[in-house]
Amino acid sequence: MKIYAALVILLLIYSVAEGRRMVKQNEVAADVIESSMFRAYSQDTTLSNKKASKASSISTKKYYRPDDSSLPQLDSCPEVKCHLSYAIVLDGSGSVGLDNFKKQTQFVRTLLSIMEVKSVEKGLSTCLSVIVYSTGVSIPINACCQNSVCAVLDNLDALLSYDGQSTNTAGALKVARQTTQSTSNFNRHILLITDGRSNTGGDPVSIANEIRSEDKTGITVIGVGNSIDYDEIEGISGSKNVGSIHDFDSFHDLAEILFKKLSNSSGLSIEDVCEGKPTKYSNCMKQKIKRKCSWGIWGRCTPSGPAIHPGINLGPAPPQLCFHSRLCKDSRGKTVDSETRECHRCTWSYVRYQGSPPARPVY
C-alpha cells in the first residue's frame, strides 16, 4: 500500500513537472515567433514610414529558380508591392497525420489573424504566401494572386490540403524563396513548421544558408514532437533560438500565449478588420506556375484528315496538310505540355489497287 501511494505521489510530481516544462516550452516558442516574425510590427516606425509603392523587387537576373523540375516554377510579380513578404511553410508529410494537420491549420488561422490586425494597426501592407509540402510542394496561397488575408481566412480550410508522403523540407524552402522574392517589398521572412527530419529532396540547411545570406530573408523554425533534429532546425534558422512544442495539441496553448503577448491596445479584432471586405478567393496559380519539363522527339508525320482517295478512282490519296506532335514530361513522367507543327513528309494510305500500286508521293 505504501509503495502504491509512493508511486502515485511520484506520478503526480512528474505530471506537474512535465506540465510546467510544456508551458515553458510553449512560452519559448511564442518568444521565438514574436522576436522574429513580428519584429517588423514593433514600436519602430521606420518601416511604416516607407511607402509600399516604393518597395523594390529582386532583379530578373537574381530571381531564383529551383533546379528541381518537380517543384513549382513561380513567375515574379513585381507589380505587387507591400512592406512585408511572409511565407508560412507547413509540413504535410505522412508522420504528421490528417488530424494534426488540421490543428496546424487552425494555428495558422490564429497567426494570420494576429498578423492582419497588427498590419492595420501599424499601417503596413503584407504579401502572404502559404506553402504545404511532403514529397511534393504546393503553393495553395500565393502572394502574386493579391488576395486579402480576410479572403484567405474565409477559405483557409478548403485551400490547405494534406498529402501525407515524405518530408521534402529542402524543396519547400526553395519554393518559399521564390514566393518571398516574387513581390516588391522591404522585408522578407519565412516561418517553417515541421514535426521532424527531412528525408528527401536534399539538404535543407544549405538552401536556408543561401536564403539568409543572399536574400537577407529571416527564417524562423518551430519543431513539433519528440523526433526533432535540432541540428537541422538550428541550421535552417541560423541560430539556436528555435522554438519547439511537445505535440500538435500544444498549438492551441501556443496560440493563446501569442494572443496575450501581441494583444493590441486599440482593441481591434480580426472581425473588425475584415468587416465589409470581399471574401472571394482568386486563384491565379495556373497563370503563375510553370513546371520544367523535357521535350521528347517529334512523332510520326500524319495527314490531318482521312488519307483514302474518295470516289471511284484508284490510287494514292491526294496531297493534304500533314502534322506531327511531341510531349514535354517532368521528372515524374507526367505530361505538362505538348505542341503540334506542320511537317512535309506524310505517311500515305491507299485504296485497294488492281496491279502494282503507284509510287508513294512525297509532299
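Residues numbered from 1 in each chain as written. Predicted model: local features only at pLDDT ≥ 70, side-chain atom pairs only at ≥ 80, totals over all residues. Heavy atoms only, no water.

*Asks:* Teacher, can you tell me more about the layout of surface pockets here?
*Replies:* Its volume calculated, the largest pocket comes out at about 310 Å³. Along the wall of the largest pocket there are 19 residues; nearest its centre are T126, C127, N147, S148 and V149. Elements that contribute at least two residues to the lining of the largest pocket include exactly α2 (98-122), β3 (126-133) and α3 (149-159). Counted by class, the lining of the largest pocket contains 10 nonpolar, seven polar and two charged residues. (1 Å grid on protein atoms, 1.4 Å probe; cavity = no way out; pocket = protein on both sides within 12 Å on 5 of 7 lines; lining within 4 Å. Points joined across faces, edges and corners; volume = space filled by probe spheres on them. Helix = DSSP H or I, 4+ residues; strand = E, 2+ residues; numbered from the N terminus. Nonpolar A, V, L, I, M, F, W, Y, C, P; charged D, E, K, R; others polar.)

*Asks:* Just checking my understanding: could you explain the side chain of T217 for this structure?
*Replies:* Structurally, T217 is set in the loop between α5 (204-215) and β6 (218-224). Beyond its immediate chain neighbours, meaning those up to four positions away, T217 contacts T180, R188, H189, I190, I211 and R212. (Contact = heavy atoms within 4.5 Å.)

*Asks:* How should I be thinking about the state of the cysteines in this particular structure?
*Replies:* Here is the idea: a disulfide is a covalent bond, and it sits between the sulfur atoms of two cysteines. This structure, assessed with the given rule, holds three disulfides. Sulfur-sulfur distance for the disulfide between C82 and C127 comes to 2.0 Å. Given an S-S torsion of about -125 degrees, the disulfide between C82 and C127 has left-handed geometry. Of the two residues, C82 is situated in the loop between β1 (73-74) and β2 (84-91) and C127 in strand β3; the sequence distance between them amounts to 45 residues. Judged by its relative accessible area of 5%, C127 falls in the buried class. Each sulfur of the disulfide joining C150 and C274 lies 2.1 Å from the other. Sign of the S-S torsion, about -85 degrees for the bond between C150 and C274, identifies this disulfide as left-handed. Pair noted here: C150 is in helix α3 and C274 is in helix α8 (residues 270-274), with a separation of 124 residues, a long-range link. Of the two residues, C150 and C274, both sit in the buried class. (Disulfide = S-S within 2.5 Å. Buried < 20%, exposed > 50% of the residue type's maximum accessible area, 1.4 Å probe, protein only.)

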